[in-house]
Amino acid sequence: MITVALSKGRLFDDFVSYLEKYELYKYSKVLQDESRTLYTIVDNIRFIFAKGPDVPVYVERGVADIGIVGSDIIEEEVFSYLNVSELPFGKCHFALAGPPNVEHFNTVASKYTNIARKYFNTQQQPVSLIHLNGSVELAPILGLADGIVDIVQTGNTLRDNGLIEYEKILDVQARLIANKQTFYTKEDSIYEFLSEIGVIE
Amino acid sequence: MTNNILILKRLDLGQKYLEQLDTAGYTLVDMNMIEPFSIDDKYHHPTSVVFERNNTMYAIRSDWTRTLMNFNSNYYSDDIRFGYFGPVVRENESFYQAGVELYRANEKDMIEAVLMHMNFVEDYAETSIKTMVINNDQLIDLFIEKYQLSEDIRQLIYSKNISELRRVLGKDHDLYKIISAKVSDQFDMVSKIFGDTKAMQAIAHLKEEITEENTKFILDLSFRSPQNYYNGLYFQAFLNSNSPILSGGEYNSNAFGIGLNLADGGLI
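The name given to chain B in an unreviewed UniProt entry is ATP phosphoribosyltransferase regulatory subunit HisZ, and the organism recorded there is Jeotgalicoccus aerolatus.

Under an unreviewed UniProt entry, the name given to chain A is ATP phosphoribosyltransferase, and the source organism is Jeotgalicoccus aerolatus. What UniProt records for chain A under Subcellular location (unreviewed entry) is the sentence "Cytoplasm". Taken from UniProt, the Function (unreviewed entry) comment for chain A reads in full: "Catalyzes the condensation of ATP and 5-phosphoribose 1-diphosphate to form N'-(5'-phosphoribosyl)-ATP (PR-ATP). Has a crucial role in the pathway because the rate of histidine biosynthesis seems to be controlled primarily by regulation of HisG enzymatic activity."

Student: Describe the overall build of chain B, with residues and values.
Tutor: Tallying secondary structure elements over chain B gives 9 helices and 11 strands in all. Relative to the compact-globule value of 18 Å for 268 residues, chain B shows a C-alpha radius of gyration of 20 Å, a close match. For the C-alpha atoms alone, the extent of chain B along its principal axes is close to 55 × 50 × 40 Å. In chain B, which comprises 268 residues, the proportion classed as buried is 36%. For chain B, the share of sequence-separated contacts (at least 6 apart) that also reach a separation of at least 24 residues comes to 59%.

Student: Residue-level account of the sheet that holds strand β2 (residues 34–36) of chain B, with values.
Tutor: All names here are of chain B. Here 3 strands make up an open sheet; going across it, the order is β2-β4-β3 and the pairing antiparallel. This sheet does not close on itself; its edge strands, each paired only once, are β2 and β3 (50–53). Along the sheet, successive strands turn relative to each other by an average axial angle of 40°, direction set aside. Bridge count between β2 and strand β4 (residues 56–60): 3 bridges; the pairing is antiparallel. If you follow I34 over to β4, its bridge partner there is I60.

Student: For the domain arrangement of chain A, give the residues involved together with the corresponding values.
Tutor: Residue and element names in this part refer to chain A. Domain assignment breaks chain A into domain 1 (2–90 + 173–196) and domain 2 (92–172). For domain 1 and domain 2, the distance between their C-alpha centres works out to 29 Å. Contacts between the two partners involve 6 residues from domain 1, matched on the other side by 8 residues from domain 2. For the side of domain 1 that touches domain 2, the element with the most residues is helix α4 (residues 71–76), which contributes 4 residues. Residue classes in the side of domain 1 that touches domain 2 are distributed as no nonpolar, 3 polar and 3 charged.

Student: Just give me the short version of the interface of chain B and chain A, but keep the residues and values in it.
Tutor: Taken residue by residue, the interface counts 16 residues in chain B and 15 residues in chain A. Among the secondary structure elements, those contributing two or more residues to the side of chain B that touches chain A are β7 (131–136) and α6 (162–169) of chain B. Partitioning the side of chain B that touches chain A into residue classes produces 5 nonpolar, 8 polar and 3 charged.

Student: Go over unusual backbone geometry, please, and point to the residues and values.
Tutor: All names here are of chain B. Of note, E126 is a non-glycine position whose phi angle comes to about 55°, a positive value. The residue E126 is located in the loop between α3 (107–125) and β7 in this model. Positioned with a positive phi, Q148 is a non-glycine residue whose angle comes to about 50°. Tracing the chain through its elements places Q148 in the loop between α4 (137–146) and α5 (153–158). Q148 sits in the exposed class, given 6 other C-beta atoms within 10 Å.

Student: Break down the domain arrangement of chain B for me, citing the residues and quoting the values.
Tutor: Residue and element names in this part refer to chain B. Domain annotation of chain B identifies domain 1 (1–103) and domain 2 (106–263). Relative placement of domain 1 and domain 2: their C-alpha centres are 25 Å apart. When residues of the side of domain 1 that touches domain 2 are traced back to their parent elements, those giving at least two are α1 (3–23) and β6 (93–102). Take the side of domain 1 that touches domain 2: its biggest share by element is 7 residues, from β6. Residues belonging to the side of domain 1 that touches domain 2 are distributed by class as follows: 8 nonpolar, 5 polar and 3 charged.

Student: Give me the lowdown on the nonpolar core, citing residues and values where you can.
Tutor: Generally speaking, soluble globular proteins have nonpolar side chains that are buried together. If you look at the biggest cluster of nonpolar residues, it comprises 92 residues, and the most contacted ones within it are V4, A5, V59, I68, I177 and A178 of chain A together with A237 of chain B. Excluding residues that lie within four positions of it along the chain, V59 of chain A makes contacts with A5, A64, G67, Y81, I177, A178 and N179 of chain A. Core analysis: the next-biggest nonpolar cluster, separate from the first, contains 20 residues, F105, A109, V127 and A145 of chain A among them.

Student: Could you give me a rundown of the sheet that holds β7 of chain B, with the residues and numbers involved?
Tutor: Residues and elements named next belong to chain B. Read across the open sheet, the 8 strands follow the order β1-β5-β6-β11-β10-β9-β7-β8; overall the sheet is mixed. Looking along the sheet, the strands with just one partner apiece sit at the ends: β1 (27–29) and β8 (216–219). With direction set aside, neighbouring strand axes in the sheet form an average angle of 20°. Strands in contact with α1 are β1, β5 (81–90), β6 and β11 (255–260); relative to β5, the strand with the most contacts, it is inclined by about 155°.

Student: Any details on helix α1 (residues 10–21) of chain A? Residues and values, ideally.
Tutor: Residue and element names in this part refer to chain A. For α1, built from 12 residues, the straight-helix expectation of 16 Å at 1.5 Å per residue is met to within 8% by its first-to-last C-alpha distance of 17 Å. Within the sequence span of α1, burial applies to L11, F12, D14, F15, V16 and L19. Looking at the buried residues of α1, the elements they touch are β1 (2–7), α2 (25–34), β4 (66–70) and β11 (174–178). Of the residues trailing α1, E23 is marked for its positive phi of about 60°.

Student: Lay out the confidence of the model for chain B in plain terms, naming residues and giving numbers.
Tutor: All names here are of chain B. Per-residue confidence for chain B averages 89 on the pLDDT scale, and 96% of its residues sit at or above 70. Of all helices and strands in chain B, the one with the weakest mean pLDDT is helix α2 (residues 64–74) (80), whereas helix α8 (residues 186–194) scores best (97). Among the prediction metrics, the complex's ipTM stands at 0.81, with pTM recorded as 0.84.

Student: Tell me what's going on with the UniProt feature "domain: ATP phosphoribosyltransferase catalytic" (unreviewed entry) in chain A, and back it up with residues and numbers.
Tutor: Here, UniProt's "domain: ATP phosphoribosyltransferase catalytic" (unreviewed entry) annotation points to residues 53–197 of chain A. What you have in residues 53–197 of chain A is 31% helix and 31% strand, and the ends, taken at the C-alpha atoms, are 23 Å apart.

Student: Could you give me a rundown of the pairing of strand β9 (residues 147–152) of chain A, with the residues and numbers involved?
Tutor: Residue and element names in this part refer to chain A. Where strand β6 (residues 92–98) and β9 come together, 5 bridges link them in antiparallel fashion. Among the inter-strand pairings, F94 is bridged to a residue of β9, identified as I151. Relative to β9, strand β7 (residues 107–110) runs parallel, the two sharing 3 bridges. In the strand pairing of β9, S110 is matched with V149.

Each value, and the rule that gives it
- Residues numbered from 1 in each chain as written.
- Chains lettered and ligands numbered in written order.
- Predicted model: local features only at pLDDT ≥ 70, side-chain atom pairs only at ≥ 80, totals over all residues.
- UniProt positions renumbered as here; feature names shortened; annotations may be inferred.
- Helix = DSSP H or I, 4+ residues; strand = E, 2+ residues; numbered from the N terminus.
- Rg over C-alpha atoms; globule rule 2.2 N^0.38 Å.
- Buried ≥ 20, exposed ≤ 12 C-beta atoms within 10 Å, placed from the backbone.
- Contact = placed C-beta atoms within 7 Å.
- Pairing = 2+ DSSP bridges.
- Axes fitted to C-alpha atoms, helices over the stretch in contact; angles between N-to-C directions.
- Domains from an automatic or database assignment.
- Nonpolar A, V, L, I, M, F, W, Y, C, P; charged D, E, K, R; others polar.
- Core = buried A, V, L, I, M, F, W, Y, C linked by C-beta atoms within 7 Å.
- Expected span 1.5 Å × (residues − 1).
- pLDDT = per-residue confidence, 0-100.

Structure follows, in structure tokens:
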């Protein structure tokens, strides 16, 4: 038995679609039905449903053997795991955004302050960062910040709030991560699953 | 398990372990937990609790390997095999460590020490070691040199980033094939390329000695030891748990250490 931690939300829906594309209906059907529970078991796989930022924690601690998580999460925090493979879904990007006609960003709000800090350091641009837990678009509207660093998928949320994208910072997509110990102790089951979902040939 | 049983089990294990080392001719040591500390040590021992008294830096013992290196250079310079059992402090936690350090160790000494530890664990736990994982950073140096690879490849190997390695190297590259193969296939694959090197021969000799058929022997180029001072061969061995029961490796060219996991009373 191996345990796979799945990020709830958009990435979960994308993963189910991905499974369907691979005709792995034995997983996709059960996952669609059970996503409101805490976990479900299909054959030799136990899927647990977690908040995105918790997935690397479960994998690092060995509670989960494998995790499906957005690269935004693993770029923001430092964890210890095997960063095995990108997955062909969950594609979006980090961007610096703000109201039109901003000439210089002095204060920027973000949920992802480590990624933002890394970006502005690379640009050698001194910026004051404010950490927010969500709805970061409010910050420039209310005058808390000149701009934001956030994940952009379609750009609709920015447009709806009168913001524009100034700079693309980093591509984001789903990744498969694995625990450093159980990769050895549960090798056969893990490789079987990786092969099944097309991560290895 | 109650606290009483955990405490008694850990002490019993520690005692039996030290008796085994004594019988095998190791010099046993037990030392002050407060040690002189150089700020240069902070890189290899970042979790050490450091403090200052009378313009001198001290640390609470965080790793017996460092303690024994100081001890060996200051006192028993003729002895080359040491054994220990005692507490260490890292960040805000204290726990027990037991293990050995060998100085001026050759391949035979290292293999003997590994086998002695495996036998001790298997006798005490009354079960066989299920998995042994091994690596040597020098193998990655060999790949970089032979295939003229960028140093950036090292991080992709360590994180087993199969998708990025496929993009950078191509799916027909030997290194990509090895990293993406099952880890238990890596030994044969690497042996075909670097079987005549000293690094691979030492691993092969250890593999030959591990005759227990229930022990799966794995070479994985992505395997990393938590101790960043190891710079040669290093390994972890597992019973049924996800935590290694034994871990060890080479450092400083010809020193070799092995630690026995004592968490949860030991032999988890």
